[in-house]
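Chain and residue survey
The primary structure of each chain is shown beneath.
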Amino acid sequence: MSGKTLSLRMAGRLSEDAQLKAIDLSAVDAIDIDLNELSNISSQGVRTWIQWVDGIDRKKTVSLVNCPKVFVNMLNLVHDIAPPHVKIKSIGVPYFCTKCGHAFCENLELNEHTPKPIVEFKPCNSCDGTAELDTLPEKYFRFLKERA
Ligand SMILES: [Zn+2]
């Protein structure tokens, strides 16, 4: 085994117009899909995505990295967008600063130690204030329990 990993990046809107092509994975063992710049997912886009993910060879290791809030919210509703053979490596966790109004996401690595206590407060990266977790942990991280 060569241990080669193909890295893909997905950006923009995943909608009814999205064209997800079957990719040639014959030369790789694993595929990493970076979703950081995914801005929106429509319900039709979800169907397109599920078909595409389902079409990937099960012998390959498929990982999703930097899953943004829109993806995590969808994941909590539609479990099939990340079937059990697809590994979720990291997700964005939203924070909001009540002092300056700055909203940002922190990347959280998901591993065997997750869920660990989720950090509820972070220093704001735009002012000297404190940013709060901008989501309900029991809702946002629900998918973890269902995948355990
Ligand atoms: Zn701030």
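What you see is a predicted model; the values in this text were computed from it and never measured.

**Observations concerning the environment of Pro-117**
Along the chain, Pro-117 turns up in the loop between strand 6 (103-109) and strand 7 (121-123). Look at Pro-117 and you get exposed, because 6 C-beta atoms sit within 10 Å. Along the backbone, Pro-117 and Pro-137 are 20 residues apart, and their C-alpha atoms lie at a distance of 9.7 Å.

**Some words on the sheet that holds strand 2 (residues 30-41)**
Spatially, the 4 strands line up as an open sheet ordered 1-2-3-4, and their pairing is parallel. Of all strands in the sheet, those bounded by a partner on one side alone are strand 1 (5-14) and strand 4 (86-88). Along the sheet, successive strands turn relative to each other by an average axial angle of 25 degrees, direction set aside.

**Some thoughts on the sheet that holds strand 8 (residues 130-133)**
The strand order across the open sheet built from 4 strands is 6-5-8-7, with neighbouring strands paired in antiparallel fashion. In this open sheet, the two edge strands, each paired with only one partner strand, are strand 6 and strand 7. Adjacent strand axes in the sheet meet at a mean angle of 40 degrees, parallel and antiparallel pairs treated alike. Alignment of strand 5 (residues 90-97) against strand 6, held across 7 bridges, turns out to be antiparallel. Bridged to Gly-92 within strand 6 is Asn-107.

**Observations concerning helix 2 (residues 69-77)**
If you check which residues of helix 2 are buried, you get Phe-71, Val-72, Met-74 and Leu-75. The buried residues of helix 2 occupy an angular sector of 165 degrees when projected down its axis, which confines them to one face. Turning to helix 2, the residues buried within the fold contact strand 2, helix 1 (43-54), strand 5, helix 3 (137-140) and helix 4 (142-147).

**Observations regarding the nonpolar core**
Membership of the largest hydrophobic core comes to 20 residues, with the highest contact counts inside it found for Leu-35, Leu-64, Cys-67, Phe-71, Val-72 and Leu-75. Contributions of two or more residues to this core are made by strand 2, strand 3 (61-65), helix 2 and strand 5. The element best represented in this core is strand 2, accounting for 5 residues. Among all residues touching Val-72, those that are not within four sequence positions of it are Cys-67, Ile-91 and Tyr-140.

**Looking at the environment of Arg-147**
Tracing the sequence through the fold places Arg-147 in helix 4. C-beta crowding within 10 Å serves as the criterion here: with 15 such atoms nearby, Arg-147 is assigned to the partly exposed category. Along the chain, Arg-147 and Ser-39 lie 108 residues apart, while their C-alpha atoms are 24 Å from each other.

**As for the pairing of strand 5**
Only one face of strand 5 is buried: it carries Ile-91, Val-93, Tyr-95 and Cys-97, and the other face, with Ser-90, Gly-92, Pro-94 and Phe-96, is open. The hairpin formed by strand 5 and strand 6 contains 5 residues between the paired strands, and Gly-101 there has a positive phi angle of roughly 80 degrees. Examined bridge by bridge, strand 5 and strand 8 share 3 bridges and lie antiparallel to one another. When the bridges of strand 8 are listed, Cys-97 appears paired with Ala-131.

Reading guide: rules and limits
Residues numbered from 1 in each chain as written. Predicted model: local features only at pLDDT ≥ 70, side-chain atom pairs only at ≥ 80, totals over all residues. Helix = DSSP H or I, 4+ residues; strand = E, 2+ residues; numbered from the N terminus. Buried ≥ 20, exposed ≤ 12 C-beta atoms within 10 Å, placed from the backbone. Pairing = 2+ DSSP bridges. Axes fitted to C-alpha atoms, helices over the stretch in contact; angles between N-to-C directions. Arc of directions from axis to C-beta. Contact = placed C-beta atoms within 7 Å. Core = buried A, V, L, I, M, F, W, Y, C linked by C-beta atoms within 7 Å.

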